[in-house]
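Each chain is listed here by its residues.
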Amino acid sequence: MTRENEQIKQNEAGMHYRSLNSFLREQFGEKVYKLALDGGFTCPTRDGSKGTGGCSFCAGGSGDFAIPVGDDVAEAIEMAKAVVADKGAKKFIAYFQSYTGTYAPIERLRNLYTETIRHPDIAAMSIGTRPDCLDDEVISLLADLNSEKPVWIELGLQTIHEQTAKAIRRGYPLEVYDDAVGRLRAAGIPVVVHMIIGLPGETPEMIRQTAAYIGRSGVQGIKFQLLHVLEGTKLAEEYRAGAFEVLSPAAYIRILEECIESIPPGMVVHRLTGDGAKRSLIAPKWSADKKRVLNDINRAFERDQIRQGSRL
Ligand code: SF4
């Protein structure tokens with residue numbers, strides 16, 4: 001579908017953006033739910049190969065609620081299904097969200113992911129990783145898996161601005177992202193990119209530029225994440241030292257609107273804010289009430305008549 005047709009379809013449906021729910025309904029034709037799994041990985045910014053402290057905002061790979069997967073993959077899937085039993089889904093997306101999901105020996109990755117994707121209740125698999133942990137051997141494995149059932153890769157880019165990337169200790173320059181996306185797309189693997197709104201030193205225009213860049217880079221999905229200051233991170237030290245301020249709800253929503261308007265209409269928006277662990281959240285406190293934040297976002301989108309891609 002062309003960009004214009006996609007925009008017309010969304011406008012006719014009165015949609016402000018292309019949501020993950022609508023995408024999943026189109027793709028699978030039934031309710032599917034994500035199972036949060038932890039493959040027991042680490043990151044190059046944690047194990048000493050590129051650093052030891054991790055990215056400055058990260059309190060542990062966003063896998064707080066993930067079920068550890070040991071030798072018995074089927075057992076871990078059953079445990080993860082039990083966590084979401086009240087959602088009424090029969091098919092699931094295995095989501096390896098903790099740390100860097102391709103940062104392990106290739107045989108370990110092959111065994112873990114092959115067993116997971118062949119589980120009868122698994123409809124698709126999503127793997128969170130970094131663009132500097134995707135060599136050709138890994139991409140070839142992902143392509144093989146993707147030929148059995150849908151597999152997509154989630155990349156934590158966060159920003160396109162090198163100065164910010166260095167400050168948050170991301171550990172790779174932008175061209176590494178471009179290269180990885182090019183090779184993933186050449187192998188037919190869909191890509192979802194994470195970006196953070198509110199990183200220290202970034203203006204609204206810089207943030208919008210990151211969204212627009214992701215939109216132009218040929219990927220299929222985007223996750224917007226409000227900057228959370230979490231206990232135990234380097235960012236928390238900087239925040240307590242007064243080095244930066246967090247965004248207000250109104251400022252966040254305004255920037256989010258500009259980002260939505262700057263990405264192509266067909267791109268799937270996997271997330272509009274974030275799921276910070278409440279117990280370790282230092283700031284902004286308003287983000288802990290996720291239901292209210294999402295209501296405020298949806299009301300603002302309606303008030304401002306936001307249309308995904310309208311700035312393109
Ligand atoms: S943000 Fe991702 S790459 Fe960075 S330390 Fe956390 S899990 Fe590792």
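About the cut-offs
- Residues numbered from 1 in each chain as written.
- Predicted model: local features only at pLDDT ≥ 70, side-chain atom pairs only at ≥ 80, totals over all residues.
- Pairing = 2+ DSSP bridges.
- Helix = DSSP H or I, 4+ residues; strand = E, 2+ residues; numbered from the N terminus.
- Contact = placed C-beta atoms within 7 Å.
- Axes fitted to C-alpha atoms, helices over the stretch in contact; angles between N-to-C directions.
- Domains from an automatic or database assignment.
- Nonpolar A, V, L, I, M, F, W, Y, C, P; charged D, E, K, R; others polar.
- Core = buried A, V, L, I, M, F, W, Y, C linked by C-beta atoms within 7 Å.
- Buried ≥ 20, exposed ≤ 12 C-beta atoms within 10 Å, placed from the backbone.
- Right-handed = clockwise from strand over helix to strand, strands pointing away.

A. How the structure looks around the sheet that holds strand E2 (residues 67-68). The strand order E2-E1-E3-E4-E5-E6-E7-E9 describes an open sheet built from 8 strands, whose pairing is parallel. Both edges of this open sheet fall to E2 and strand E9 (268-271), since each of them pairs with a single strand only. One ladder, built from 2 bridges, connects strand E1 (residues 32-38) with E2; its direction is parallel. Across the sheet, residue Leu-37 finds its bridge partner in E2, namely Ile-67. Along the sheet, helix H2 (residues 20-28) makes contact with E1, strand E3 (91-96), strand E4 (122-129) and E9, crossing E9 at roughly 120 degrees.

B. Examining unusual backbone geometry more closely. Cis geometry is adopted by the peptide bond preceding Pro-284, which originates at Ala-283 and carries an omega value of -10 degrees. Within the secondary structure layout, Pro-284 lies in the loop between strand E10 (281-283) and helix H11 (290-303). Phi is positive for Gln-158, which is not a glycine, with a value near 75 degrees. Looking at the secondary structure, you find Gln-158 in strand E5 (residues 151-158).

C. Geometry of the domain arrangement of the protein chain. Each assigned domain of the protein chain is listed here: domain 1 (1-16 + 191-312) and domain 2 (31-189). For domain 1 versus domain 2, the separation of C-alpha centres amounts to 21 Å. With 27 residues of domain 1 in contact, the opposing surface of domain 2 contributes 24 residues. Mapped onto the side of domain 1 that touches domain 2, the elements with two or more residues apiece are strand E6 (191-197), helix H8 (204-216) and helix H9 (234-240). Here the side of domain 1 that touches domain 2 is built from residues that sort into 15 nonpolar, 9 polar and 3 charged.

D. Molecular detail of the nonpolar core. Core analysis: the largest hydrophobic core is formed by 82 residues, its most contacted members being Met-125, Val-191 and Leu-256. For Met-125, the contacting residues outside a window of four places in its chain are Ile-93, Ala-94, Tyr-113, Thr-116, Ile-117, Leu-145, Lys-149 and Val-151.

E. Fine view of the pairing of E4. Burial analysis of E4 places 8 of its 8 residues in the buried class, which makes it a mostly covered element. Bridging between E3 and E4 involves 5 bridges; their strand directions are parallel. Each residue of the ladder has a partner; that of Phe-92, found in E4, is Ile-122. Chirality of the crossover, the property in question, places the unit of E3, helix H4 (residues 106-117) and E4 among those that are right-handed. For the segment spanning E4, helix H5 (residues 136-148) and E5, crossover handedness is right-handed.

F. Geometry of the environment of Val-246. In this structure, Val-246 sits in the loop between H9 and helix H10 (249-261). In this structure, the C-alpha to C-alpha distance between Val-246 and Asp-38, residues 208 residues apart in sequence, is 30 Å. Not counting chain neighbours up to four residues away, the residues in contact with Val-246 comprise Gly-198, Leu-227, Val-229, Ala-283 and Pro-284.

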